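# Descriptive analysis of the structure
This is what each chain is made of:
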Amino acid sequence: MIYDSVIIGGGPAGLAAAVKLAEKGYEPVIIESRDRLGGIPLQCIHPGFGLHLFREDLTGPEYIYRFIDRIEELGVKYVLEAYVEDIVNYSMISKKVRITSPKGVEVVEGKTLIYAAGARERTRYEIGLPGPNAAGIYTAGEAQTMMDMYGVMPGKRVLILGSGDVGLIMARRFVLEDAEVVGVVEILNYPSGLVRNIVQCLQDYGIPLYLQHTVKEIRARNGRVSEAVITRVDENFKPIPGSEFTVEIDALILAVGLRPRVKLLKKLGVRIDPRSHGPVVNDWLETMDAPGLFVAGNALMINDYADYASMQGYWAAESAIEYIENKGLPSTRWRRVVPGENTRLVVPQYLSGLRDAWLYLRVSTPLENARLVIPGLGREIPLIHALPSLQLRLMLRREEIQNAGEELVVEALER
Amino acid sequence: MTEELVITCIVCPMGCRIRVLKKDGEVIAVKGYSCPRGREYAVQEATRPLRVLMTVIPCINGDLPVVSVKTSKPIPRDKLLEVSRYLASVSVEAPVEIGDVIVENILGLGADIVATRPCKRVKN
């Protein structure tokens, strides 16, 4: 059996891709690592999902069950508790993926591959947090899985390091479950989460937010984290001597960012963009190094909204259909998208000029009354209030891309 | 008696700091907003802030130990902890479907507690 598409990952991007393919009469198969479909939204019990895609404010599970229910209606095949070991064979017309599941080891073959394996959370070791190897240290996502999928409390007196949205949301969850949150510590001078979450997760419950602070050291007692030493930092993120204070805790929650999960892509020789930390793709969301391999969702870049991940899933599925029908995508003169001043990342990195394309980007520093400029296209868009934590998105028309040169610089300039 | 409240607006990512002046509980002035929606939000926050509550409750014989729930409409902010504590003693028997009412008219606030995630029944 050769599937039209093997979809790796059954979250917002992978499920959307599968729904689109099946609705158009194609046969995909989903490979999912957990024991159920849905991915991360299953454990995101707060609202804020679906505003872009359904024009409704849904919780994570409500959002993702719209897709899961459709998958069941359409009879899409999926394998659960399946781990992708390797891509054993890769050619223009066939991709063979070796998976391990409770049924054993098997090779699944597809005409195309849609990689939607999501992101991983950055760990203690990536931020160089000194101290003993103690129990009671979790990432925000791990804490969320424990509390909101399995009803297990990770601690009763908690410090949160990093002000990413999941960390803020978990701060509120801890308080509502009668735990104490001693504070949220952020090294930058602005929070990395949304204003809404600063207000509704911290201010509502009187949780202190320590900006320009970090955790210098953790201490343990009887093998479990017991104290954290918090310090103020200067503009170079160096601890300011004499500013330290110690808090007693029994859990430390790390909300220090996400990274696209790209190990398997690297093994295939796919180039990784050091800015997005995801693969280098064109405007079919096809990797520039492996034809017929499409990437969507947080495996492509870290998205602010599950809605965007699902939209990329639809996009990847439409591209896969075009690939299947034409036995490949047309070759073209690529225009490279180059992040210019104040621009942290831009995805996709290459444009064909053969289709309209969404450009996703982030600025690299907070900007007030700035403008987003693409000189090669003569485009200029006002940015009243831009933060690195806000993902920006704009649609480029095929005709304007066609007239552009080899390189398209995208930059954010202050007025 | 007059009091001034500073509200951080959440209507859009700009996060305007809106100052609401109240006299004897009545709003008499609003300053620092950039749009009508922001003004409306600030007045609401200064007089009667409302929130949707989300939490989990145990699901007996379910395929997961807990099921996620929310209030069917926003409730007063100062009732969030009270409702959450009340829900600590509530559990439900699987199966549960999205939208199932778990508690009607929670603490007389006019909102129901509804399930937001299905929970399949498993033999136990």
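Okay, the overall build of chain B next. Secondary structure summary: chain B contains 2 helices and 10 strands in total. Secondary structure elements in chain B, listed N-terminal to C-terminal, are β-β-β-α-β-β-β-β-α-β-β-β. Taking 124 residues into account, the globule formula puts the C-alpha radius of gyration at 14 Å, and chain B, at 19 Å, lies well above it. Buried positions account for 31% of the 124 residues belonging to chain B. For chain B, the share of sequence-separated contacts (at least 6 apart) that also reach a separation of at least 24 residues comes to 48%.

As a further point, take the packing of helix H1 (residues 12-23) of chain A against helix H2 (residues 60-74) of chain A. The relative placement of two packed helices comes down to the angle between their axes together with the axis-to-axis distance. Residues and elements named next belong to chain A. Two elements in contact, H1 and H2, have axes separated by 10 Å at closest approach and are oriented at 35°. Relative to H2, the crossing made by H1 is left-handed. Of H2, the residues touching H1 (which contributes Pro12, Leu15, Ala16, Ala18, Val19, Ala22 and Glu23) are Ile64, Phe67, Ile68, Arg70, Ile71 and Leu74. In the contact of H1 with H2, the residues fall into 11 nonpolar, no polar and 2 charged.

Taken residue by residue, the interface counts 22 residues in chain A and 22 residues in chain B. Counting residues per element, the ones that place at least two in the side of chain A that touches chain B are H2, helix H3 (140-150), helix H5 (195-202) and strand E23 (379-386) of chain A. For the side of chain A that touches chain B, the element with the highest residue contribution is H5(A), accounting for 4 residues. For the side of chain A that touches chain B, the class distribution of residues is 13 nonpolar, 5 polar and 4 charged.

The subject of this paragraph is the domain arrangement of chain A. Along its sequence, chain A is carved into domain 1 (1-121 + 257-329), domain 2 (123-256) and domain 3 (333-415). Summarising the inter-unit geometry, the C-alpha centres of domain 2 of chain A and domain 3 of chain A are found 34 Å apart.

The next thing to look at is the domain arrangement of chain B. The assigned domain composition of chain B is domain 1 (2-47) and domain 2 (54-115). Here the C-alpha centroids of domain 1 of chain B and domain 2 of chain B sit 31 Å apart.

Let us look at the sheet that holds strand E1 (residues 2-8) of chain B. Strand pairing in a sheet takes place through backbone hydrogen bonds and is either antiparallel or parallel in direction. Residue and element names in this part refer to chain B. Here we have 3 strands laid out as an open sheet, ordered E1-E2-E3, and antiparallel in their pairing. Edge strands, defined here as strands with exactly one partner in the open sheet, are E1 and strand E3 (26-31). Ignoring which end each strand starts from, the neighbouring axes of this sheet average 25° apart. Bridge count between E1 and strand E2 (residues 17-23): 7 bridges; the pairing is antiparallel. Directly across from Ile7, in E2, lies its bridge partner Ile18.

Okay, the pairing of strand E18 (residues 335-339) of chain A next. All names here are of chain A. Covered by surrounding structure in E18 are Arg335, Val337 and Pro339 only, the residues Arg336 and Val338 on the alternate face being uncovered. Relative to strand E20 (residues 350-351), E18 runs antiparallel, the two being bridged by 2 bridges. Across the sheet, residue Arg336 finds its bridge partner in E20, namely Tyr350. Examined bridge by bridge, E18 and strand E25 (residues 407-414) share 4 bridges and lie parallel to one another. Within E25, the position partnered with Val338 by the bridge is Val409.

All names here are of chain A. Ordered by their spatial adjacency, 5 strands build an open sheet running E20-E18-E25-E22-E23, and the pairing between neighbours is mixed. One side of each edge strand has no neighbouring strand; the edge strands of this open sheet are E20 and E23. Relative to E23, strand E22 (residues 367-374) runs antiparallel, the two being bridged by 7 bridges. Following the sheet pairing, Leu367 is matched in E23 by Ala386.

This part takes up the environment of Lys70(B). Residue position: Lys70(B) is located in strand E6 (residues 66-71). Considered as a pair, Lys70(B) and Gly110(B) are 40 residues apart in the sequence and their alpha carbons are 13 Å apart. Excluding its chain neighbours within four sequence positions, the residues that come into contact with Lys70(B) are Thr59(A), Val52(B), Leu53(B), Met54(B), Val114(B) and Thr116(B).

This next bit is on the nonpolar core. Residues and elements named next belong to chain A. Residues Ala17, Ile114, Tyr115 and Ala296 are the most contacted members of the largest nonpolar core, which totals 110 residues. Not counting residues up to four positions away in its chain, the partners in contact with Ala17 are Ile7, Ile114, Ala116, Ala296, Gly313, Tyr314, Ala316 and Ala317. Counting residues in hydrophobic clusters, the runner-up holds 39 residues, among them Ala143, Val158, Val175 and Val185.

Reading the values: the criteria
Residues numbered from 1 in each chain as written. Chains lettered and ligands numbered in written order. Predicted model: local features only at pLDDT ≥ 70, side-chain atom pairs only at ≥ 80, totals over all residues. Helix = DSSP H or I, 4+ residues; strand = E, 2+ residues; numbered from the N terminus. Rg over C-alpha atoms; globule rule 2.2 N^0.38 Å. Buried ≥ 20, exposed ≤ 12 C-beta atoms within 10 Å, placed from the backbone. Contact = placed C-beta atoms within 7 Å. Axes fitted to C-alpha atoms, helices over the stretch in contact; angles between N-to-C directions. Left-handed = near helix turned anticlockwise from the far one by under 90°. Nonpolar A, V, L, I, M, F, W, Y, C, P; charged D, E, K, R; others polar. Domains from an automatic or database assignment. Pairing = 2+ DSSP bridges. Core = buried A, V, L, I, M, F, W, Y, C linked by C-beta atoms within 7 Å.

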